[in-house]
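Coordinate analysis (summary)
Spelled out from the first residue to the last, the chains are:
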Amino acid sequence: MAGPKTPTCRNCTKENCSDNLLPDLLQQGLLTSGYFNALSSAKPAGKCSHGGTFDRTSKCDPAGGINKDEVGSSHGSLHYKAADLAVSATMELLEDVRVVIRDKNFLRLMGLSQSSVLCFVIDTTGSMNDDIAEAKRISFDIIDSKRGTPQEPSAYILVPFNDPGFGPLVLTTDADVFKNNINKLSASGGGDIPELCLSGLQLALTSAPPSSEIFVFTDAPAKDAHLKSTITALIENSKSVVTFMLTGVLESRRHRRGLRGAISRSMSQSNAQLYRDLAQASGGQAIEVTKSELSLATSVIQDSSASAVVTVFQVVKNPGKPDYFTFTIDGSLKNMTVYITGASSLTFTLTSPAGVSQSFSQSSGPLASFTTVGNLRRLSLNIENQTGSWVISVNSNNPYSVKVTGQSSVDFIFNLVEAHEGPHGDFSLKEGRPLSGGNATLLVTVTGSDTVKITEVTLFDSSGPTEISGSLQSVGRGTFLVTFSGVPAGDFVVRLRGEDSSSASKSTPSSFQRQASTQIKTSSISVTVHANNTNIEPGSTITIPFTVAMTTGGFIDDSTTGTFTVRANNDRSYTMTSPSTLSVTEGSGGKANGTVTLTVPGNAASGTDVTLTIGAENAAATDINYAVIRLSVTAKITDINRPVCQEVRTSSSCPSSASLCASSKWKFIANLTDGINGTGIDSITIRRGNGTLNTSTVTEAGGEDTIVATYSASCCSQSVELTVVDKVGNVGRCVGQIRALSTAAPVTTAADNTASSRGHTSNISHCLWISVVVSLLWKFK
């Protein structure tokens, strides 16, 4: 790299600024990058600027820039070469990660699994014997029926809880490991009635991939109900669906716990409301059954474990009232199921697009067959040749919910985003809830089809009912920026409608509908975290400042005063401090500042992740917002060098005629080392080649281990590439062939003829590396 005092640029003399790099810089092959500042023109003497409208340093001597962000940029003639180089470097980086964590984990990391995780959170107190047995049965059925198929769960998560403990969490991709752990569960103890249900659920929510479906088995109220706001924040942040299998609501536990059964009966309805609220926030269900009925209700788990399950429609009515609902079935949907939860007095009627109706009194009819267990009605629809608009009418004055799902390759994903001001006009994910009365922007992507045309994206609040249409801006490849103006207070879900032209036999496209499960709630409270660093070493303490403010119309209201209750929580139970309240006073600009400190134990393993949730609630306890931050426990790494490969010998007796190659062999021998200060070689694999690899270890006089790799192959396979990984994940490659040999770390061919371009692209790769490592730490701890 060019030193801090080494001049790198001169003023541009050409319109395209192609001549501003100093000749000495290019001749010596030095690397540099461009300074950028939107507020100040100051930069070190003789240094290059990034350039562009927003870069004030580019007006200061030496004037001009060196960026290649666009074709019209300072060095725009090199834009495509730089972009190609960045793509190649990214592919190389991802390949290195794949080699280290292996194929199955790499597919999980990149979100390329065809199936979801199987996640159970199970109460293990004394009254739960039947429930644990049923959880075992249903999980084993799913594992055994799907093992080795594309529908096999991509991972298995198990979190037991009772009182006074919860965990440990088991996260594995090995079905047999999951089986062994769930087999070990037994029901015992429990002490007082409430259990640590939400603590166990918190572990599951922070460990499962986004958009997972989590099943909670319990017959007791939550002792840790104070975690409700934290759990709600994690649900909204991860978009995971939580379904509760509740066996303590409809029956007394007197016969299991004596007098405590009567207490349970008097408490169960009010405490069950906590579970119902969390299920509603996530788009899940609170299924209330007796223990003898549980095996009939777990068909919901079988349904959700199928591949490509999508939500077509969902609504919750609380308070309940008679109403009717329409939903659209398109040609890509199959195995349609309707779930209705509510009081035993609830009745319903289902009507098809052809006008055929079936009432609740017909358990098997022309449109569906259904079963009733506890508060759940499960309808399996007969949709053959019945695409179009369906209607379901529900008659009940008690709270109820309706959910319609099916299997389809066509779905959508969405994220709340916010725009960044600056030269690149980028968007980033928005933490927390959108602000009431303000604008909200979603990034929506349709998956699984290029024949679906999106015509409408809305925010729907059934309690209003209120439906707000967004303004769509296509950004290509089925992705849209959707802007909603002046979103009022409420609990919304995202609905997507459009047309599907995939059916060639139809003269007009068929209607298309999907709905997100997780609610989007608005808030008048703003919570902003100012974390410059999210990495923390074992045994150290990190300080995280944050700001809380009241807003009006989406903007901070500097005339407001008041007090907020602050709740900070982390999923590792690490020692932490935070203010319990913050006050906004006159002259504070409508803001209050606080600080969270978190200390990581010295024995925490590098790679551990910590999910920190900071919530702020108004004095009336009617409004709350939050921020969720993921921290990575990372020990200092001193070994940053790749393993080295040195050829010892390549020998062959290969015939000149290719037709005779199968009768002869060749051999490649190389010494592989990780250096005196290296962590040691962890694995050696054949990346390319069809031969046999053998290794042996030799310890040199200086203490350094050398691994001798001996590769032999048929003369028909004339080259080999070995991948060598050390114990901290540095990847080196060793390439040999019959007539030529090259040994080196992976080489990036420079697609740019300027040193500054290579430096700029290197920064791109470094940013991608950070992103991949953060994701890896989060998903594979």
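Residues numbered from 1 in each chain as written. Predicted model: local features only at pLDDT ≥ 70, side-chain atom pairs only at ≥ 80, totals over all residues. Heavy atoms only, no water.

Our next topic: the overall build of the protein. Across its full length, the protein carries 11 helices and 43 strands. Buried residues in the protein amount to 48% of all 781 residues. At a minimum sequence separation of 6, the contacts of the protein that also span at least 24 residues come to 70%. For the protein, the exposed surface amounts to about 35,200 Å²; the carbon and sulfur share of it is 50%. (Helix = DSSP H or I, 4+ residues; strand = E, 2+ residues; numbered from the N terminus. Buried < 20%, exposed > 50% of the residue type's maximum accessible area, 1.4 Å probe, protein only. Contact = heavy atoms within 4.5 Å. Areas by Shrake-Rupley, 256 points an atom, 1.4 Å probe, with all protein chains shown as cover.)

Let us now look at a nonpolar patch on the surface. A cluster of nonpolar side chains, contributed by L107, M110 and L112, occupies part of the molecular surface with about 270 Å² of accessible area. Looking at where M110 falls in the secondary structure, it is placed in the loop between α2 (79-109) and β1 (118-123). (Patch = residues over 30% accessible without salt bridge, like charges linked within 9 Å, V, L, I, M, F, W, Y side chains within 5 Å. Salt bridge = Lys/Arg side-chain N within 4 Å of Asp/Glu carboxyl O.)

Attention shifts here to the sheet that holds strand β32 (residues 581-584). Strand order in this open sheet of five strands is β27-β35-β34-β30-β32, and the pairing throughout is mixed. The sheet is open, and its two edges are formed by β27 (535-536) and β32, each paired on a single side. Across the sheet, helix α6 (residues 228-238) is in contact with β30 (562-570), β34 (609-618) and β35 (624-633); its angle to β35 comes to roughly 75°. (Pairing = 2+ DSSP bridges. Axes fitted to C-alpha atoms, helices over the stretch in contact; angles between N-to-C directions.)

A few words on the packing of aromatic side chains. Counted by the stated rule, this structure contains 12 aromatic pairs. Relative to F325, the ring of F313 has its centre 5.9 Å away and its plane inclined at 40°; by these criteria the two rings are tilted. Here F325 lies in strand β8 (residues 323-329) and F313 lies in strand β7 (residues 309-317), a separation of 12 residues in the sequence. The exposure classification of F313 matches that of F325, with both residues buried. Geometrically, the ring pair formed by F348 and F370 is edge-to-face, given 5.3 Å between the ring centres and 70° between the ring planes. Pair noted here: F348 is in strand β10 (residues 347-351) and F370 is in strand β12 (residues 368-373), with a separation of 22 residues, a long-range link. (Phe/Tyr/Trp six-rings, centres within 6.5 Å; stacked < 30°, edge-to-face > 60°.)

With that settled, consider the state of the cysteines. A covalent bond between the sulfur atoms of two cysteines is referred to as a disulfide. Counted under the stated rule, the structure contains five disulfides. In this model, C12 is linked to C17 through a disulfide, with the two sulfur atoms separated by 1.6 Å. Disulfide pairing is shown between C654 and C715; the S-S distance is 2.0 Å. Disulfide C654 to C715: torsion about the S-S bond roughly -80°, handedness left-handed. In this pair, C654 is assigned in the loop between β36 (644-652) and β37 (665-673) and C715 in the loop between β40 (705-714) and β41 (719-726), connecting sequence segments 61 residues apart. Taken N- to C-terminal, the disulfide-bonded cysteines of the protein are connected 1-4, 2-3, 5-10, 6-8, 7-9. (Disulfide = S-S within 2.5 Å.)

Within the open sheet, the four strands sit side by side as β8-β14-β10-β11. Their pairing is antiparallel. If you trace the sheet from one side to the other, it starts and ends with β8 and β11 (357-359), each paired once. Strand after strand, the sheet turns through a mean of 20° between neighbouring axes, direction not considered. The pairing of β10 with β11 spans three bridges and is classified as antiparallel.

Further remarks concern the pairing of β32. Here β32 shows a clear split, with L582 and V584 buried on one side and none of T581 and S583 buried on the other. In the sheet, β30 pairs with β32 via four bridges, with the strands oriented antiparallel. Bridging from a neighbouring strand, T565 pairs with T581 of β32.

Quick look at the nonpolar core now. Counting 34 residues, the largest nonpolar core has L198, L201, I214, V216 and F244 as the members making the most contacts within it. Of all elements in the fold, only β1, β2 (156-161), α5 (197-207), β4 (213-218), α6, β5 (241-246), α8 (260-282) and β35 reach the threshold of two or more residues within this core. Not counting residues within four places of it along the chain, the set of residues in contact with L201 comprises V121, I214, V216, I231, V242 and F244. Counting residues in each nonpolar core, the second largest holds 30 residues, with Y156, V170, A297 and L376 among its members. (Core = buried A, V, L, I, M, F, W, Y, C linked by side-chain atoms within 4.5 Å.)

Okay, the pattern of salt bridges next. Within the structure shown, the criterion is met by 25 salt bridges. A salt bridge links D219 to K291; the nearest nitrogen and oxygen atoms lie 3.2 Å apart. Of the two residues, D219 sits in the loop between β4 and α6 while K291 sits in the loop between β6 (286-288) and α9 (294-297), which places them 72 residues apart along the sequence. A residue is classified by how much of its surface remains accessible, and D219, at 3% relative accessible area, is buried. Judged by its relative accessible area of 8%, K291 is buried.

Another point: the confidence of the model for the protein. Model confidence for the protein is summarised by a mean pLDDT of 86, while 90% of its residues fall at 70 or above. Contacts for the low-pLDDT stretch residues 252-267, under 50 throughout, to residues beyond four places or in other chains number 28 contacts. Segment residues 740-781: pLDDT under 50, and 94 contacts once partners within four positions in sequence are set aside and those in other chains are kept. (pLDDT = per-residue confidence, 0-100.)

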